[in-house]
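Residues per chain are reported as follows:
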Amino acid sequence: MTTKKRNRDLEKSYSPDNIEKKWYEAWLENGLFNAEINPESKAFSIVIPPPNVTGSLHVGHAFDHTFQDIMCRTKRMEGYSVLWLPGTDHAGIATQNVVEKDLAKQKISRYDLGREEFVKKVWEWKKIYGSIIIEQMTRLGNSCDWRRERFTLDEGLSRAVRAVFVRLYKKGLIYRGKYIVNWCPRCATAISDLEVEYEESQGNFYYVKYPIINSAPCEGGEGQPAGEGVVSSNSGEEFLIVATTRPETIIGDVAIAVHPRSEKYKHLIGRHVRVPLTDREIPIIQDNMVDPEFGTGCVKITPAHDPNDFLVGLNHNLEQIQVIDSQGVMNENAGKYKGMTIAQAREESVKDLEELGLLLKTEKITHSVGHCQRCGTTVEPYLSEQWFVKTKPLAERGVQAVKDGRIKWTPEQWEKTYFNWMENIRDWCISRQLWWGHRIPAWICDDCGHITVAENDPTECEHCHSKNIKQESDVLDTWFSSALWPFSTMGWPDDKPELKYFYPTSLMVTGFDIIFFWVARMIMMGLEFMDDVPFRDVYIHSLIRDEHGKKMSKTKGNVIDPLIMIDKYGADALRMTLAALSVQGRDILLSSTRIETYRFFMNKLWNAARFALMNLDDEVHEIDINQLHLHDKFILTRTQEMAKRVRELIDSYDIGTAARGLYDFVWGDLCDWYLEMSKPALKGDEGEERRKTTAGVLEEVFKTTLPLLHPFIPFITEELWAAFGYGDEFLMRTAWPEAKSEYIFEESLSEMKVLQDTVRALRNLRAEAHVAPQQWLNKAVIKIEPAAPASKIFDAALNQISNLCRVREVLLESPKGEWTHGPSLSTVTTEAEIKLPVGDVLDVPKEIARLESDIVSIEKDVAKSKARLEKSDFVSRAPAEVVEKERGKVQAGESQIQRLQENLKSLKEN
RNA sequence: GGGUGGUUAGUUCAGAGGUAGAACGCUUCCUUGACACGGAAGAGGUCAGAAGUUCGAUUCUUCUAUCACCCACCA
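Residues numbered from 1 in each chain as written. Chains lettered and ligands numbered in written order. Predicted model: local features only at pLDDT ≥ 70, side-chain atom pairs only at ≥ 80, totals over all residues. Heavy atoms only, no water.

**Structural notes on the overall build of chain A**
Rules: Working definition: helices are DSSP H or I runs of at least four residues, strands are E runs of at least two. Numbering for both runs from the N terminus. Each residue is assigned to one of three classes by its accessible area relative to the maximum for its type, calculated with a 1.4 Å probe on protein chains only: buried under 20%, partly exposed between the two thresholds, exposed over 50%. Residue contacts follow a heavy-atom distance rule, with two residues in contact if any of their heavy atoms lie within 4.5 Å.
Looking only at helices and strands, one finds 25 helices and 29 strands in chain A. Here chain A holds 910 residues, and 55% of them are scored as buried. Within chain A, residue pairs in contact and separated by at least 24 positions form 80% of the contacts whose partners lie at least 6 positions apart.

**With respect to the sheet that holds strand β6 (residues 189-191)**
The cut-off we apply is this: By definition, two strands form a pair when at least two bridges between them are found by DSSP.
Read across the open sheet, the four strands follow the order β6-β5-β15-β17; overall the sheet is antiparallel. Where the open sheet ends on each side, the last strands, each with one partner, are β6 and β17 (428-429). Bridging between strand β5 (residues 174-184) and β6 involves three bridges; their strand directions are antiparallel. Considered in β6, the bridge of tryptophan 183 is made with alanine 190.

**A word on the pattern of salt bridges**
Where we set the bar: Whenever a carboxyl oxygen of Asp or Glu lies within 4 Å of a side-chain nitrogen of Lys or Arg, that contact is scored as a salt bridge.
Under the definition given, this model contains 52 salt bridges. A salt bridge links lysine 467 to glutamate 460; its shortest N-O distance comes to 3.3 Å. Across the pair aspartate 495 and lysine 500 runs a salt bridge, and its minimum N-O distance is 3.9 Å. For lysine 500, a relative accessible area of 67% puts it in the exposed group. Each of the salt bridges in this network shares a partner with another, and the network as a whole consists of Glu36, Asp145, Arg147, Arg148 and Glu498.

**Looking at helix α18 (residues 655-683)**
We count it as follows: A residue's bend is the angle separating two fitted axes: one through the seven residues that end there, the other through the seven that start there.
Along α18, the sharpest change in direction is near 40° and occurs at leucine 670. Phi turns positive, to about 95°, at glycine 684, one or two residues after α18.

**Digging into the confidence of the model for chain A**
Where we set the bar: pLDDT gives the predictor's per-residue confidence on a scale running from 0 to 100.
Model confidence for chain A is summarised by a mean pLDDT of 85, while 87% of its residues fall at 70 or above. Segment residues 217-227: pLDDT under 50, and 15 contacts once partners within four positions in sequence are set aside and those in other chains are kept. Note that residues 815-842 has pLDDT below 50 and, in this model, 78 contacts with residues that lie over four places away or in other chains. Taken over the whole predicted complex, pTM reads 0.88, whereas the ipTM for its chain interfaces reads 0.94.

**Some thoughts on empty space enclosed by the protein**
Stated precisely, the cut-off is as follows: Here a cavity means grid points, on a 1 Å grid over the protein atoms only, where a 1.4 Å probe fits yet cannot get out; a pocket means an open set of points with protein on both sides within 12 Å along at least five of seven lines; lining residues are those with an atom within 4 Å of a point. Grid points are joined across faces, edges and corners, and a volume is the space filled by probe spheres set on the points. Ten residue types, Ala, Val, Leu, Ile, Met, Phe, Trp, Tyr, Cys and Pro, are classed as nonpolar, four, Asp, Glu, Lys and Arg, as charged, and the remainder, Gly among them, as polar.
This structure, assessed with the given rule, holds three cavities of 30 Å³ or more. In this structure, the largest cavity occupies an estimated 80 Å³ of space. Here the residues of the lining of the largest cavity are counted per class, giving four nonpolar, three polar and three charged. Around the second largest cavity, the lining residues are Leu57, His58, His61, Ala62, Gln136, Leu140, Pro562, Leu563 and Ile566. Elements supplying a minimum of two residues to the lining of the second largest cavity: α2 (59-77), α4 (110-140) and α14 (562-569). Among the elements that make up the lining of the second largest cavity, the one with the highest residue count is α14 (three residues).

**So, the pairing of strand β23 (residues 505-511)**
On a regular strand, one side chain projects to one face of the sheet and the next to the other, so that they alternate. The test is simple: With its strands directed away from the observer, a crossover is right-handed exactly when the path from the first strand over the helix to the second travels clockwise.
For β23, a buried count of seven out of seven residues is recorded, marking the element as mostly surrounded by other parts of the structure. Pairing analysis gives six bridges linking β23 to strand β24 (residues 535-541), with the strands arranged parallel. The residue of β24 that forms the bridge with leucine 507 is aspartate 537. Between β23 and its parallel partner β24, the chain crosses via helix α13 (residues 515-529), and the hand of that crossover is right-handed.

**So, the packing of aromatic side chains**
Heads up, the rule is: Pairing of aromatic side chains here covers Phe, Tyr and the six-membered ring of Trp, requires ring centres within 6.5 Å, and sorts the geometry by plane angle: under 30 degrees stacked, over 60 edge-to-face, intermediate tilted. A ring is considered to have a charge above it if a Lys NZ or an Arg CZ atom is located within 6 Å of its centre and within 35 degrees of its normal.
Summed over the entire model, instances satisfying the criterion amount to 41 aromatic pairs. Considering the side-chain rings of tyrosine 663 and tryptophan 667, the 5.6 Å spacing of their centres and the 35° angle between planes classify their relative orientation as tilted. On the criterion of helical spacing, the pair formed by tyrosine 663 and tryptophan 667 is a turn pair, its members being four residues apart in helix α18. The buried category is assigned to tyrosine 663, whose relative accessible area is 18%. Put simply, the rings of Phe165, Tyr169, Trp387, Trp428 and Phe480 touch in pairs and so form one group of aromatic residues. The ring of tryptophan 27 carries arginine 73 above its face, with NZ or CZ at 4.5 Å from the centroid. Directly above the aromatic system of tryptophan 428 lies the positively charged group of arginine 521, at a separation of 3.9 Å from the ring centroid.

**Observations concerning the protein's contact with RNA strand B**
For the record, the criterion: In this text, near means that some heavy atom of the residue lies within 4 Å of the molecule or strand in question. Whenever a nitrogen or oxygen atom comes within 3.5 Å of another N or O atom, the pair is scored as a polar contact, on the condition that within protein one atom can donate a hydrogen and the other can accept it, and that pairs from neighbouring residues in sequence are kept only if both atoms are in side chains.
Neighbouring RNA strand B are 56 residues, the closest being Ala243, Val299, Asn308, Ser368 and Arg877. Taken together, the sugar and phosphate atoms account for 66% of what RNA strand B places within 4 Å of the protein. In this structure, threonine 597 approaches RNA strand B through a side-chain N or O atom, which is 3.2 Å from a sugar or linking oxygen. Arginine 599 is positioned with one of its side-chain polar atoms (N or O) 3.4 Å from a base nitrogen of RNA strand B. Of all the secondary-structure elements, those providing two or more residues to the surface near RNA strand B are β7 (196-211), β9 (238-244), α16 (592-615), α18, α21 (746-768), α24 (872-877) and α25 (880-909). Here the surface near RNA strand B gets 11 residues from one element, more than from any other, and that element is α16.

**Things to note about the sheet that holds strand β19 (residues 442-445)**
Cut-off, in case you're wondering: Between N-to-C directions, angles cover 0 to 180 degrees, with each direction set by a line fitted to C-alpha atoms, over the stretch in contact for helices.
On the basis of which strands lie adjacent, the open sheet formed by three strands has the order β20-β19-β21 and antiparallel pairing. One side of each edge strand has no neighbouring strand; the edge strands of this open sheet are β20 (451-453) and β21 (469-471). Each strand axis lies, on average, 30° off the axis of its neighbour in the sheet, ignoring direction. Sheet topology note: the β19/β21 ladder contains three bridges and is antiparallel. Counterpart to isoleucine 444 in the pairing with β21 is lysine 470. Seen against the sheet, helix α5 (residues 155-170) touches β19, β20 and β21 and runs at an angle of roughly 125° to β20.

**Observations regarding the environment of arginine 868**
Inspection of the secondary structure puts arginine 868 in helix α23 (residues 844-870). Residue arginine 868 is classed as partly exposed on the basis of its relative accessible area of 40%. For the pair arginine 868 and valine 883, spaced 15 residues apart in sequence, the C-alpha separation works out to 9.2 Å.

**Some details on the nonpolar core**
Cut-off, in case you're wondering: Among buried residues, the Ala, Val, Leu, Ile, Met, Phe, Trp, Tyr and Cys ones that are joined through side-chain atoms within 4.5 Å form a nonpolar core.
By size, the foremost hydrophobic cluster in this structure holds 104 residues, and its most contacted members are Trp27, Met576, Phe712, Ile713 and Phe724. The leading source of residues in this core is α18, at 12 residues. Once you skip the residues sitting within four places of it in the chain, isoleucine 713 turns out to touch Asp572, Met576, Phe601, Met602 and Leu605. Membership of the second largest hydrophobic core comes to 66 residues, among which are Ala160, Ala395, Met422 and Trp485.

**With respect to the environment of valine 53**
You can see valine 53 is positioned in the loop between β1 (43-47) and α2. A relative accessible area of 0% means that valine 53 is categorised as buried. C-alpha of valine 53 to C-alpha of aspartate 89: the two residues are 36 residues apart in sequence and 6.1 Å apart in space. Apart from the residues within four sequence positions on either side, valine 53 is in contact with Thr88, Asp89, His90, Thr95, Trp125, Lys126, Tyr129, Gly130, Ile133 and Phe151.

**Some thoughts on the side chain of threonine 734**
Turning to its location among the elements, threonine 734 is positioned in the loop between α20 (714-723) and α21. For threonine 734, a relative accessible area of 14% gives the class buried. Reaching out from threonine 734, the side chain makes a polar contact with the backbone oxygen of leucine 731 at a distance of 2.7 Å. Setting aside chain neighbours within four positions, we find threonine 734 in contact with Met77, Trp721 and Glu729.

In structure tokens form, the structure reads like this:
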């Protein structure tokens with residue numbers, strides 16, 4: 001005989017605060033989060049998407065982490081050696097910006113401090129927010145191996161970054177050059193294509209007249225309409241009409257381009273025009289890039305300030321005249337506009353053009369304008385010296401890895417998005433003119449100009465051995481270091497046992513917003529440097545929005561702070577909410593009332609356990625199969641089902657269905673039905689044997705269910721586990737329950753359904769007849785059609801009906817035919833000898849109206865079914881059970897109508 | 001211009017080729033001995049529209065409308 005020391009003294013309602021703290025500390029102290037390299041067991045590993053140290057975590061992180069924690073906890077229970085590697089990201093530009101903003105409050109700019117001092121300030125910031133983030137993660141219950149916590153700017157990762165940079169450079173996959181890049185004038189740095197966010201906005205399309213040099217009279221004569229491209233003035237001078245949205249760059253024009261096959265301009269190719277506002281003369285050239293249908297069909301070429309023009313400039317060997325500087329101010333090449341901002345220069349030049357009579361007209365157009373992802377400033381195309389990664393060869397391997405199934409995407413649809421981007425990938429600008437980040441390991445020689453790229457700081461130029469070398473001042477794009485995360489965190493470039501055991505990681509969980517920024521680049525880097533994928537599965541989840549579907553943002557004030565939610569409802573409630581809400585491929589709308597729902601669930605579970613404990617003695621009772629009643633078999637069967645199903649669902653990353661299934665199981669099957677029905681036995685009303693077996697069942701159900709719930713709601717389940725007396729071993733460490741075949745009774749499910757339908761029908765009748773809940777009825781006659789379960793077990797369960805519905809005698813009336821299992825047996829009609837009270841109890845007219853409308857709607861259903869049955873094809877071709885079900889519907893409906901009509905009649909008579 | 005996802009109860013969302021489900025809200029009743037953070041009963045739906053496949057479509061196909069997002073271009 002086994003005994004357990006139960007704690008029957010649980011609080012009447014669940015309060016999470018102390019319990020959560022207590023268990024988290026206990027798990028930590030006992031090293032339960034620690035990942036061990038164990039050749040005996042299989043490895044499961046996840047590297048956390050490192051949160052930016054820009055601020056504290058938001059609920060999106062909480063969602064992401066809950067998902068990963070559920071996976072990790074489940075895998076641990078399944079016997080895997082689990083590594084969940086935590087860390088944070090230095091988030092270059094983003095963090096630099098928040099620190100700058102913070103300093104601005106004291107009227108200090110980063111230039112006041114200088115590079116070294118400023119970086120020190122950022123480290124101070126990182127120290128504060130890095131630890132806040134870690135604190136938040138522990139509050140949520142994250143089972144990360146904190147011994148292995150990493151930061152993208154720590155020493156080990158810096159080494160990895162350098163190694164990768166040098167190797168790519170030596171391989172020719174990193175190059176440096178003067179190109180047009182996206183430039184944020186406010187941040188004063190280059191940014192990558194991905195960091196530009198486009199927005200439609202209203203702008204002006206200026207039609208500018210460029211005087212054609214030595215123009216011969218045009219055969220078209222005078223005054224051609226605008227848009228034809230060429231107009232003549234009264235003096236006979238001819239103008240080429242060029243449309244532009246950026247008149248301030250006219251002074252940087254070096255050519256006018258037309259399409260080679262353009263009939264309209266054929267005769268002008270090779271001629272020259274004068275650039276308005278200057279006295280420069282520039283050629284008219286031909287290039288395929290021009291769309292003859294757009295604008296006037298000719299384009300001004302400004303290689304220093306437009307990416308397309310830049311390419312045209314290269315092809316035609318044109319000069320690059322820069323007129324705007326890195327801060328967005330007109331420079332010395334801009335003549336009279338020097339010192340003006342872009343907007344001022346635009347306004348001025350338009351005015352000047354007008355005065356000179358060179359502005360033909362202005363049209364309104366909408367076009368999309370790029371903004372800096374981090375500060376919202378309009379992005380300028382800017383010509384500058386930058387570093388790039390040649391991505392094509394890397395991307396090809398990345399595409400291949402997904403195509404041949406080495407990486408699997410869930411939901412699959414994201415594969416397409418990934419392929420589309422990877423197949424059209426462009427080189428990645430990785431240099432940033434920032435101070436916070438990995439400084440590029442390149443040293444430029446003052447004497448010979450050679451660039452030395454090395455893992456260790458060199459003392460001399462590798463080409464001319466001059467000591468006059470200076471390290472490149474640029475830092476790397478923050479995503480460069482994140483791209484290495486799956487292996488850099490495990491000690492690469494050293495040959496660590498961790499790498500062998502835990503790489504490739506098993507799963508990457510993240511949002512679709514960083515597929516390009518991060519996921520794709522990890523794949524490329526992993527394949528290049530580890531010669532293997534960084535993860536086998538990618539799970540892309542939806543984004544969390546507020547209850548109105550709006551993106552959460554601090555400025556909108558609709559941010560749900562996970563810590564506040566945890567304080568208010570507990571971590572388990574938040575986790576369960578996030579898990580249950582998670583659905584593939586749709587945004588998730590979160591509101592605090594939703595969390596409340598799951599807070600109530602915690603209390604429900606708590607009280608269900610409390611009930612069980614109140615009815616369990618210290619002895620662990622064997623389950624005597626022969627003593628089991630229908631509801632016992634039912635709950636045992638459902639419990640085994642859950643054990644199997646939840647595991648399958650988690651394995652296929654469908655934690656939403658798993659969580660909702662558990663919720664329904666606990667609240668519905670267990671609390672609403674089983675606990676209610678087990679009461680008489682537990683009280684001893686059915687004798688000692690039944691009491692013991694029922695106690696055994698109850699114990700079995702909780703012992704199986706608590707582990708299933710644990711990955712979702714670890715704290716409350718661990719507490720209850722201990723209360724049941726299983727505390728010798730942590731719940732966190734127990735094995736995932738296997739479904740026990742001896743506790744599966746298939747037929748109990750359908751029989752229970754009949755019972756439940758019967759009870760519901762009876763309760764319905766009571767409510768309809770306004771019988772007081774306390775009042776016992778003498779007799780109920782229940783008709784079950786088309787057939788009642790003929791099993792003994794079901795007959796025995798009739799006592800339960802009497803118990804649940806307060807009827808002294810329950811009679812079962814049915815054509816006791818063959819009991820066949822299946823859903824078609826669920827049609828139950830019940831009749832009870834309940835006389836409708838009249839007069840003071842019933843509102844007679846209201847009751848009559850209700851009955852009449854009920855009859856009408858049932859008649860409609862019956863008619864629908866009859867119509868179907870009359871279609872000859874239906875009867876002959878539909879499966880027999882479908883037809884049978886339809887017939888049952890008609891019968892049931894008709895008898896219900898009959899019953900209601902009798903009620904109606906008797907009401908009217910009174 | 002290319003692509004993806006959505007349109008189901010008052011609201012937010014599940015769902016599945018054959019009786020439309022949940023949560024919250026609403027109505028009526030119940031302080032019943034685990035739980036009022038509870039229990040019972042109920043109202044509320046042409047499953048966006050049209051056509052097709054099928055014995056049968058809310059579910060599959062096509063088209064339309066509409067909303068959201070992503071990518072590219074924008075002189």
